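The lines below spell out each chain.
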Amino acid sequence: MQIQFALAPEPDHDAREKGRLLFAGPVDFLKGVVAMDGLPPADRLEVCFAGRSNVGKSSLINALTGRKALARASNTPGRTQEINYFTTMGPYLVDLPGYGYAEAPKATVEKWQRLLKSYLSGRATLRRAFVLVDTRHGVKSVDEDTMSLLDRSAVTFQVVLTKADKVSQAERNVIVDQVRAALAKHPAAYPELVVTSSEKGDGIETLRALIAALA
């Protein structure tokens, strides 16, 4: 039976409140990590956010946490070269370096790829990876590469569509179908999609509730 990858439902009152409370507490930047030996102690669960450069990862983290400048969005996509850790009252939030930026130096890209692979395959406390996909563009080959790595690492990942306010409903439906078809090939894919807009706030409460439920 083929998995349908339904849109995640709106959280009920209790789930919404649990998500709100998680992010209403202190949320702080902990550290930026450039090598595996710099990771903080694996003393709690963590969730990570991965995606192509310019997918809106920093904006999503800021919307999720209700902090306007917690995660810094660079004017130059691909500049973030560290794994950035943020603390909450529950799990760590982990912002991974953006991938797929063609203008980054080859040596830099290779370094990012090695760090990304080491982290995704070797972090025992990683509960779920959220793979961000731009609603304007759908799943690209670089996204497929990351999803395949997550399959091999047996890390459950869930696709979060970003910038949904930038397209029409008809265009969104086409992209959702494209994402569903792509995910059908990945055994580690969680069978629900989250559609978000950091600018409009769409899907933010749903994502908060999902993270709170993992804690």
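Residues numbered from 1 in each chain as written. Predicted model: local features only at pLDDT ≥ 70, side-chain atom pairs only at ≥ 80, totals over all residues. Heavy atoms only, no water.

Here we take up helix α2 (residues 57–65). When you tally the buried positions in α2, you get 8 out of 9 residues, the bulk of the element. Taken residue by residue, α2 has K57, S58, L60, I61, N62, A63, L64 and T65 as its buried positions. Contacts made by the buried residues of α2 are with α1 (13–24), β3 (46–51), β5 (92–95), β6 (126–134), β7 (157–162) and α6 (204–214). (Buried < 20%, exposed > 50% of the residue type's maximum accessible area, 1.4 Å probe, protein only. Helix = DSSP H or I, 4+ residues; strand = E, 2+ residues; numbered from the N terminus. Contact = heavy atoms within 4.5 Å.)

As a further point, take the packing of helix α3 (residues 106–122) against helix α4 (residues 141–153). Close contact between α3 and α4 brings their axes to 9 Å; oriented N to C, the two are set at 35°. The hand of the α3/α4 crossing is right-handed. Touching L116, K117, L120 and S121 of α3 are T146, L149, L150 and S153, all from α4. For the contact of α3 with α4, the residue count by class is 4 nonpolar, 3 polar and 1 charged. (Axes fitted to C-alpha atoms, helices over the stretch in contact; angles between N-to-C directions. Left-handed = near helix turned anticlockwise from the far one by under 90°. Nonpolar A, V, L, I, M, F, W, Y, C, P; charged D, E, K, R; others polar.)

In this section: the environment of I204. Looking at where I204 falls in the secondary structure, it is placed in helix α6. The spacing of I204 and L60 is 144 residues in sequence and 8.2 Å in space, taken between C-alpha atoms. Not counting chain neighbours up to four residues away, the residues in contact with I204 comprise L60, A63, L64 and S197.

Bringing the layout of surface pockets into the picture now. One number sums up the size of the second largest pocket: a volume of about 310 Å³. Y99, Q113, L116, D145 and T146 are the residues nearest the centre of the second largest pocket, which is lined by 15 residues in total. Going through the elements one at a time, α3 and α4 are the ones with two or more residues in the lining of the second largest pocket. (1 Å grid on protein atoms, 1.4 Å probe; cavity = no way out; pocket = protein on both sides within 12 Å on 5 of 7 lines; lining within 4 Å. Points joined across faces, edges and corners; volume = space filled by probe spheres on them.)

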